[in-house]
Amino acid sequence: MITRQFKRSLIGSILFTAVATAVGAGITTLPVKSVNGKNYHYYTVQPHETLYALSKQFGVSESEILKLNPSASEGLKAGQELILGVAKSSPVATSAATGTYEVKKQETAYGISKRFGLTLDEFYALNPEAKDGVKEGQVVIVKGPAAKQPTKQTETKAKKSGKTHVIAEHETLYQIARDNNIPLSDLLAANPGLDAARYSAGTEIVIPTAKETETKVAKTVVAVQSSESKGDYKVKAGDTFYGIATRHGISTEQLYAANPGIDILKEGMTIKLPDACDEKTEAPSGSETKLATVSGNPITIAVALPFQIDQKAKHNKNMVEFYRGFLMAVDSMRNMGQPIHILTYDTKGTDEGLQEILANPDLKKANAIVAPDNAEHLKALNQFGLDNRIAVMNIFNNRDSAFYTNPYAIQAALPRDDMYNRAAQAFIDNFDGFVPVILVSSDGRKEKTEFTDVVKAMLEKSGKNYKELPYSGTLTLEQLVNSLPATDKYAFLPASSHKDEFEKIATALQAYKDTRDFKNEVIVWGYPEWLANRTAYEKMHELDCYIYSRTDLPEPFMTESINEMYKKWFGPTMNMNYPRRSYMGFDTGMYLLRTVSATGGDFEKLLPYVQSITMPVTLKRYQGGGLYNDELLLINLSPGETISKRSI
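Residues numbered from 1 in each chain as written. Predicted model: local features only at pLDDT ≥ 70, side-chain atom pairs only at ≥ 80, totals over all residues. Heavy atoms only, no water.

1. What about the environment of Phe403?
Okay, so step 1: As for its placement among the helices and strands, Phe403 is situated in the loop between β15 (391-394) and β16 (409-411).
Okay, so step 2: Relative accessible area serves as the criterion here: at 2%, Phe403 is assigned to the buried category.
Okay, so step 3: Considered as a pair, Phe403 and Leu627 are 224 residues apart in the sequence and their alpha carbons are 6.1 Å apart.
Okay, so step 4: Setting aside residues no more than four positions away along its own chain, Phe403 makes contact with Ala409, Gln411, Pro415, Tyr622, Gly625, Gly626, Leu627 and Tyr628. (Helix = DSSP H or I, 4+ residues; strand = E, 2+ residues; numbered from the N terminus. Buried < 20%, exposed > 50% of the residue type's maximum accessible area, 1.4 Å probe, protein only. Contact = heavy atoms within 4.5 Å.)

2. Structural notes on helix α13 (residues 351-358)
Okay, so step 1: Burial in α13 covers these residues: Gly353, Leu354, Ile357 and Leu358. End-on view of α13: buried residues confined to an arc of 135°, all on one side of the axis. Exposed side chains of α13 directed beyond 90 degrees from the buried face belong to Glu352 and Glu356.
Okay, so step 2: Those residues of α13 that are buried lie in contact with β12 (299-305), β13 (340-346) and α14 (375-388). (Arc of directions from axis to C-beta.)

3. Here we look at the environment of His41
Okay, so step 1: For His41, the location among the structural elements is in strand β2 (residues 38-44).
Okay, so step 2: A relative accessible area of 5% means that His41 is categorised as buried.

4. Remarks on the packing of aromatic side chains
Okay, so step 1: Evaluation of the coordinates by the stated rule reveals 23 aromatic pairs.
Okay, so step 2: Between Phe307 and Tyr323, the ring centres sit 5.3 Å apart and the planes meet at 65°, which makes this aromatic pair edge-to-face. Of this pair, Phe307 sits in the loop between β12 and α12 (317-334) while Tyr323 is found in helix α12, placing the two residues 16 residues apart along the sequence.
Okay, so step 3: With relative accessibility at 0%, the residue Phe307 sits in the buried group.
Okay, so step 4: Pairing Tyr527 with Tyr548 gives two aromatic rings, centres 5.9 Å apart and planes at 75°, and the pair type is edge-to-face. Note that Tyr527 is positioned in the loop between β20 (522-526) and α19 (537-543) and Tyr548 in strand β21 (residues 545-549), a separation of 21 residues in sequence.
Okay, so step 5: The buried category is assigned to Tyr527, whose relative accessible area is 0%.
Okay, so step 6: For Tyr548, a relative accessible area of 0% puts it in the buried group.
Okay, so step 7: Through successive ring pairs, a cluster of aromatic residues spans Tyr420, Phe427, Phe431, Phe434, Phe451, Phe502, Trp525, Tyr527, Trp530, Tyr546 and Tyr548.
Okay, so step 8: Over the aromatic face of Phe434 sits the side chain of Lys489, whose NZ or CZ is 4.8 Å from the ring centroid. (Phe/Tyr/Trp six-rings, centres within 6.5 Å; stacked < 30°, edge-to-face > 60°. Lys NZ or Arg CZ within 6 Å of the ring centre and 35° of its normal.)

5. Digging into the nonpolar core
A general tendency of soluble globular proteins is for nonpolar side chains to be buried together.
Okay, so step 1: If you look at the biggest cluster of nonpolar residues, it comprises 64 residues, and the most contacted ones within it are Phe451, Phe492, Trp525 and Tyr548.
Okay, so step 2: A total of seven residues in this core trace back to one element, the largest contributor, which is helix α15 (residues 416-430).
Okay, so step 3: Discounting chain neighbours no more than four positions away, the residues touching Phe492 are Val437, Leu439, Leu480, Leu484, Leu509, Tyr512, Val522, Ile523, Val524 and Trp525.
Okay, so step 4: Counting residues in each nonpolar core, the second largest holds 56 residues, with Ile395, Phe570, Met590 and Phe603 among its members. (Core = buried A, V, L, I, M, F, W, Y, C linked by side-chain atoms within 4.5 Å.)

6. Focus: the environment of Val617
Okay, so step 1: Looking at the element boundaries, Val617 is found in the loop between α21 (581-599) and β22 (619-621).
Okay, so step 2: With 13 residues separating them in the primary sequence, Val617 and Asp630 have C-alpha atoms 7.1 Å apart.

7. Describing the packing of α13 against α14
Okay, so step 1: Running from N to C, α13 and α14 cross one another at 10°; their axes reach a closest spacing of 11 Å. If you check the angle between α13 and α14, you find them roughly parallel. Where α13 approaches α14, its residues Asp351, Leu354 and Leu358 are matched on the opposing element by His377, Ala380, Leu381 and Phe384. (Axes fitted to C-alpha atoms, helices over the stretch in contact; angles between N-to-C directions. Parallel < 35°, antiparallel > 145°, perpendicular 65-115°, else oblique.)

8. Focus: unusual backbone geometry
Okay, so step 1: A cis amide bond, omega -10°, links Tyr578 with the succeeding residue Pro579.
Okay, so step 2: With a phi angle near 55°, Arg389 is a residue other than glycine that sits in the positive phi range.
Okay, so step 3: Looking at the element boundaries, Arg389 is found in the loop between α14 and β15.
Okay, so step 4: Of note, Asp544 is a non-glycine position whose phi angle comes to about 60°, a positive value.
Okay, so step 5: By the element assignment, Asp544 lies in the loop between α19 and β21.
Okay, so step 6: Residue class for Asp544 comes out buried when judged on its relative accessible area of 7%.

9. Side note on the side chain of Arg516
Okay, so step 1: For Arg516, the position within the fold is in the loop between α18 (499-515) and β20.
Okay, so step 2: Among the residues examined, Arg516 registers a relative accessible area of 8% and is labelled buried.
Okay, so step 3: Separated by 2.5 Å, the side chain of Arg516 and the backbone oxygen of Asp488 make a polar contact.
Okay, so step 4: Within the structure, the side chain of Arg516 is placed 2.9 Å from the side chain of Tyr512, a separation counted as a polar contact. (Polar contact = N/O pair within 3.5 Å; in protein donor to acceptor, adjacent residues only side chain to side chain.)

10. Remarks on the pairing of β21
Okay, so step 1: Taken across its five residues, β21 has five buried, putting it largely inside the fold.
Okay, so step 2: Judged by which residues are buried, β21 turns out to be covered on both faces: Cys545, Ile547 and Ser549 on one side and Tyr546 and Tyr548 on the other are all buried.
Okay, so step 3: Looking at chain direction, β20 and β21 are connected through three bridges and run parallel. Its bridge partner lying in β21, Gly526 is registered against Ile547.
Okay, so step 4: Bridging between β21 and strand β24 (residues 633-638) involves five bridges; their strand directions are antiparallel. Across the sheet, residue Cys545 finds its bridge partner in β24, namely Leu637. (Pairing = 2+ DSSP bridges.)

11. Re the pattern of salt bridges
Okay, so step 1: Under the criterion given, the structure shown has 16 salt bridges.
Okay, so step 2: The partner of Lys365 in a salt bridge is Asp362, and the shortest N-O contact between them spans 3.1 Å.
Okay, so step 3: You can call Lys365 exposed: its relative accessible area is 57%.
Okay, so step 4: We classify Asp362 as partly exposed; its relative accessible area is 24%. (Salt bridge = Lys/Arg side-chain N within 4 Å of Asp/Glu carboxyl O.)

12. Re the confidence of the model for the chain
Okay, so step 1: Averaged over all residues, the pLDDT of the chain is 76; the fraction at 70 or higher stands at 72%.
Okay, so step 2: In the model, residues 145-161 has pLDDT below 50 throughout and makes 23 contacts with residues more than four positions away in sequence or in other chains.
Okay, so step 3: Within the model, the stretch residues 276-296 combines pLDDT values under 50 with 43 contacts to residues more than four positions away or in other chains. (pLDDT = per-residue confidence, 0-100.)

Shown next, in the form of structure tokens:
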């Protein structure tokens, strides 16, 4: 069984505010037990939980969990009891809000001291052992008698506002602003030294009063009479639900509720405004008071997808779901004070629809374009991006090769040929002691023979043996027992990813495992398509399936807040396919908006690796061409409902 955990060090940067709110309250909420005379918090593992999920949920590093629970290196099992940290009676367990901090990966004593307003000598006085260096997971003291007192500037702000706040573990700036009924932009403005992208628990901040906020908002916006009759609004080019709702002083949820069945706005469309009020617009250019922003310039993203909204009964539900997730990302970034313009275009799935979009002069204003999966339409948009120096994000078509030569093309999924080669090599490297058995149906589907051919070629090149076992109809235990000597270990590789073919082999493979003295001597290699077959997960766990995939199997703590946001905006109608298109849309939106905001559109400068909800990203530049996502995962659904993941 694979025990190495999948790299995840930079998750916070991409999920930003929305996902961070789903993280739990910390280990201090857990019960306490005594072990060898010392009190520890403990937790009982639930089905499907992973080491990584628990580390984030309770704010404890994976390395610390493994240190206290060595058996966890073999994977977690439902009902297993874990020690997760020293109880409060020990000084080490003091929360960051009252003066401690858990060291993150690659942090230094110098960097931590600066973060908390200490000199290095003061930090060492609080933490003498840190003179020998600090390491990930170590808990250090960052506030105490030796720590600096608030500066006069801070004291003045606190006196003026009458309120300060210490950021708690897992608390986000967005949460703090929301809880105090103020815009996040005002919170950032009241704390000029606070970095919205990098802040930590234990930091004391100033909360501006509601009166100050109201005054600022009054200076920032001016009211003008809406040109529409009360209760109606005629959609203009570039309008979004969020923008219309904001201008009319209503929530996005209210606007959606007033217009059931409308997912995509189209220029000229008339929609209903609940309790319509005066429209609001930003103050004219040159106004003294401006909204705080993450970057100096507004972001403009064009989304050109085949929504087919003119065919309401047949509209492209997957693209609508993707766009809904994208809008949730836009909302999350706007809560950071970032001005955003979204240009939404319906290609209608036709050449005429695309040409109409390409002829629109507004498209040249975009910082990036989200492109459709249609090969010819993608080709035309990639050429447009090259001609106008605009990044074109290809999310859906993994066979496109524009990134080989076009520096503005971004391939968001590892190309299929590269995926096959890497997955095949992982199969050979990780199961060196197993005899590969390729299962081929003589009268059923075998659409994955292209992949099995790559595996066979690699095995033959390395001089390794394999077996090819043909079967007709449904595979039987008798066929397996008669064909395979019991002295060897076997890794089964089916030639089809279809769920019907899985059912034809699963029962016999499980029965064969039961005949073995050691069940871990039999494993099954699977395909990304299997992850969409949720009803078969129990069988996959029993068979110890290893599945390669470009997309992740999201952790529950990461999806909780997104699901809640979706429900508020669109109702309990999220499509349950894999990967969920709404998650993909959210990931895409956050990645594009965050990158353009932070770097002006240089996609190589943001982060070398990020994990989002379902689309982990490691962008690499193809020599002489564009960027492609180099991430591929190996997901193991093992017995005991254990799930482990890593990059391959």
